[in-house]
Amino acid sequence: MSDVPVSQFEATLNRLGRYAAVSQPGTVASIHQLRAEFGVSITTAREATRALEILGMISVRRQVGVVVNPRADWDLLHPAVIGWRHEGADRVHQEHELADLALAIDTAAAGRITDHGTVDLRIHAAAMAEAEHDGLDTLAAREDRDFHLALARSSGNALFAHLASVIASQAEATGSPYCHGTAAAHHELVEAAESSDPGAATAAVALLHRTR
Ligand SMILES: [Zn+2]
């Protein structure tokens, strides 16, 4: 835990974010209810509400109040939104969404990989194998994340690379794996890519993300 003092605004924003993250879309509250619930001034409640509105999680409607928006309207890749969802009942759903996204990015990237795009992949798969052999799980997990970041970058699609970095950050923050494959399974993906066999490469990706 950090020792940096949290301002009243930040504390209110975090409480409001957690509240929205576990609320059904369409849930309504008034600013005055929130102010009383969180024990803060009306100004702080309004500022926190405005910040959450910018993240798309809520809308403030005249004569209605603060309304929770549908999940698809939220800034779902913002670290704060990811964190609030992770702390609440939405956690398992979010984990499935991120795993789906990881599979989609890896599949698309593996389908367009060329044999000269595998240098970094080979390095990370080898380092992952060494870490696995030495029982260094944290190091193996880091090499795994770096492998997938390199794979996403190799696609030449900056959006893939960005999304992969969001997934990797969340995996690191929660201690969950980026994928479920062993180092040997990652090596098979490298071999398929170097054989210029996109079909085998995407099949190898599917194996990496298959949950046991
Ligand atoms: Zn992996």
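The rules we used
Residues numbered from 1 in each chain as written. Predicted model: local features only at pLDDT ≥ 70, side-chain atom pairs only at ≥ 80, totals over all residues. Domains from an automatic or database assignment. Helix = DSSP H or I, 4+ residues; strand = E, 2+ residues; numbered from the N terminus. Pairing = 2+ DSSP bridges. Buried ≥ 20, exposed ≤ 12 C-beta atoms within 10 Å, placed from the backbone.

Observations concerning the domain arrangement of the chain
- As far as domains go, the chain holds domain 1 (8–73) and domain 2 (90–208).
- Between the C-alpha centres of domain 1 and domain 2 there is a distance of 37 Å.

Regarding the environment of A89
- One can find A89 in the loop between α4 (79–87) and α5 (91–111).
- Once the C-alpha coordinates of A89 and R18 are considered, the two residues, 71 residues apart in sequence, prove to be 9.9 Å apart.

Overview of the sheet that holds strand β2 (residues 58–61)
- As summarised here, the arrangement of the three strands in space is β1-β3-β2, forming an open sheet in which the pairing is antiparallel. The open sheet is flanked by β1 (28–29) and β2, the only strands paired with a single partner.

Digging into the pairing of β2
- Note: β2 against strand β3 (residues 65–68), four bridges, orientation antiparallel. The residue bridging R61 from the neighbouring strand is G65, located in β3.
- Following β2, the chain reverses through three residues before pairing antiparallel with β3; Q63 in that reversal takes a positive phi of roughly 65°.

Here we look at the pairing of β3
- With two bridges joining them, β1 and β3 adopt antiparallel strand pairing. Paired with A29 across the strands is V66, a residue of β3.

Some remarks on unusual backbone geometry
- At Q63, a position not held by glycine, the phi torsion is positive, near 65°.
- Its place among the elements puts Q63 in the loop between β2 and β3.
- For Q63, a count of 4 C-beta atoms within 10 Å puts it in the exposed group.
- Residues other than glycine seldom take positive phi values, yet S196 does so here, at roughly 50°.
- Within the fold, S196 resides in the loop between α9 (183–194) and α10 (198–208).
- Residue S196 is classed as exposed on the basis of its C-beta count, with 11 C-beta atoms lying within 10 Å.

Things to note about the environment of E47
- Note that E47 resides in helix α3 (residues 42–54).
- For E47, a count of 16 C-beta atoms within 10 Å gives the class partly exposed.
- Separated by 126 residues in the primary sequence, E47 and A173 place their C-alpha atoms 28 Å from one another.

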